[in-house]
Amino acid sequence: MLYYCIFTRMNLEDITTVKSLLSSPQNIVIVPHKNPDGDAIGSCLALLHFLQQKGHFATIVSPNDYPKFLKWMPGSKDILNYEKEKNNSQTLIREASLIFTLDFNDLSRTGTLENCLLEAKGDFIMIDHHQQPSDYAKVTYSDVSMSSTCEMVYNFFEFLGDSEEITKPIATALYAGIMTDTGSFKYRSTSSRTHRVVADLIDKGADNMEIHRKVFDTNSPSRLHLLGVALKNMVILEEFKTAYITLNQNELDDNDFKKGDTEGFVNYGLTLEGIVFAVIFIENREEGIIKMSFRSVGDFSVNEFARAHFKGGGHTNAAGGRSEQSMEATVKKFKSVLNQYKTQLSL
Ligand code: 5GP
Ligand code: MN
């Protein structure tokens, strides 16, 4: 029992509520955050298979498209893209008795899908590991110490007494999500429990080598050329132990940019000796924004930084944000606010 308490933040009352909500067949919609990553898609697909096995009518509605390197996952072809299938998505959300929101904790993270979710009549269940959760769900399973939402979904199945329901497609989706969100099991949130969960997923059919290859070894020549441009553009601010990269729309266009191509680029800054804060600024002319990714090592909280200055958030060591200004103005603002953190960054 003690072991059980170490990782759960889901209380018995919530477990009973969920069991009762799922005790008869329901219409269920599962929603990841906008620009879903491996953890968001993996957790949604694992839950989808689980709910379908249990006799529910379940569908995933994603706010927008997601990268090709995740499109091999079992069930991914059935994910509805709200941007492309608005009517169908809206009907499903309107008729849903239950809506699971996975890997985010504020409805604004779903972009234009937010309004539709605000009008939904069904009960919300949130499963998420980001900081500062909003209070919109009937059941909130939030644990910021968790490596990934996928690890939490694994726990969720265990809380329901349904670990034996983890089939190969579920194990595969959960493994892919944990692997991507932990940087292949190396980030600070990777615990011994994470490894035990992953070991069990392998026992339940996840082919670890195959999953790794399908996610990481699918580079295109244009993506590697774009990485070359990004690395050339890297600026190092030694006095702030910071490295940042910019990619403007022309550079993306010249290298045949596709969704997901810049995934992981920001991490290169942190591979430099002495660098503790890495940032990438990526122009999105269509949306009129600069999308930012922040990464850190150690105690510098990029979640706080992104929240305070760039309308974003996330985790202590990985967060995102955005700016409606030009690339030049955004970088200028970034450098100017960085001055406030000189002491923190030089510790
Ligand atoms: P990424 O830089 O890979 O887009 O995101 C890093 C982490 O921060 C992810 O866990 C992601 O969900 C979260 N994140 C990214 N953008 C935002 C944002 O605009 N707001 C909040 N609250 N979290 C974000
Ligand atoms: Mn995640």
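Note that the coordinates shown come from a computational prediction; the quantities given were computed from them, not determined experimentally.

Trainee: A description of the sheet that holds strand β5 (residues 123-128) should follow, citing residues and the corresponding values.
Mentor: Spatial ordering of the open sheet is given by β3-β2-β1-β4-β5-β6, a layout of 6 strands whose pairing is parallel. Of all strands in the sheet, those bounded by a partner on one side alone are β3 (80-81) and β6 (139-142). The pairing of β5 with β6 spans 4 bridges and is classified as parallel. Across the sheet, residue isoleucine 125 finds its bridge partner in β6, namely valine 139.

Trainee: Just give me the short version of the packing of aromatic side chains, but keep the residues and values in it.
Mentor: Counted under the stated rule, the structure contains 20 aromatic pairs. Taken together, a centroid distance of 6.0 Å and an interplanar angle of 70 degrees make the contact between tyrosine 244 and phenylalanine 334 edge-to-face. On the criterion of sequence distance, the pair formed by tyrosine 244 in strand β8 (residues 242-247) and phenylalanine 334 in helix α14 (residues 327-338) is long-range, its members being 90 residues apart. Assessed through its relative accessible area of 5%, tyrosine 244 is described here as buried. Pairwise contacts between aromatic rings join Tyr244, Phe277, Phe281, Phe294, Phe300, Phe305, Phe310, Phe334 and Tyr341 into one cluster. The positively charged end of lysine 71 is found above the aromatic ring belonging to tyrosine 66, 5.1 Å away from the centroid.

Trainee: Hey, could you go over the pattern of salt bridges for me, with residue numbers and the actual values?
Mentor: By the definition in use, this model includes 12 salt bridges. Linking aspartate 65 and lysine 71 is a salt bridge whose minimum nitrogen-to-oxygen distance equals 2.9 Å. Assessed through its relative accessible area of 33%, lysine 71 is described here as partly exposed. Here arginine 285 ties to glutamate 283 by a salt bridge, and the two come within 3.7 Å at their closest N and O atoms.

Parameters and conventions
Residues numbered from 1 in each chain as written. Chains lettered and ligands numbered in written order. Predicted model: local features only at pLDDT ≥ 70, side-chain atom pairs only at ≥ 80, totals over all residues. Heavy atoms only, no water. Pairing = 2+ DSSP bridges. Helix = DSSP H or I, 4+ residues; strand = E, 2+ residues; numbered from the N terminus. Phe/Tyr/Trp six-rings, centres within 6.5 Å; stacked < 30°, edge-to-face > 60°. Buried < 20%, exposed > 50% of the residue type's maximum accessible area, 1.4 Å probe, protein only. Lys NZ or Arg CZ within 6 Å of the ring centre and 35° of its normal. Salt bridge = Lys/Arg side-chain N within 4 Å of Asp/Glu carboxyl O.

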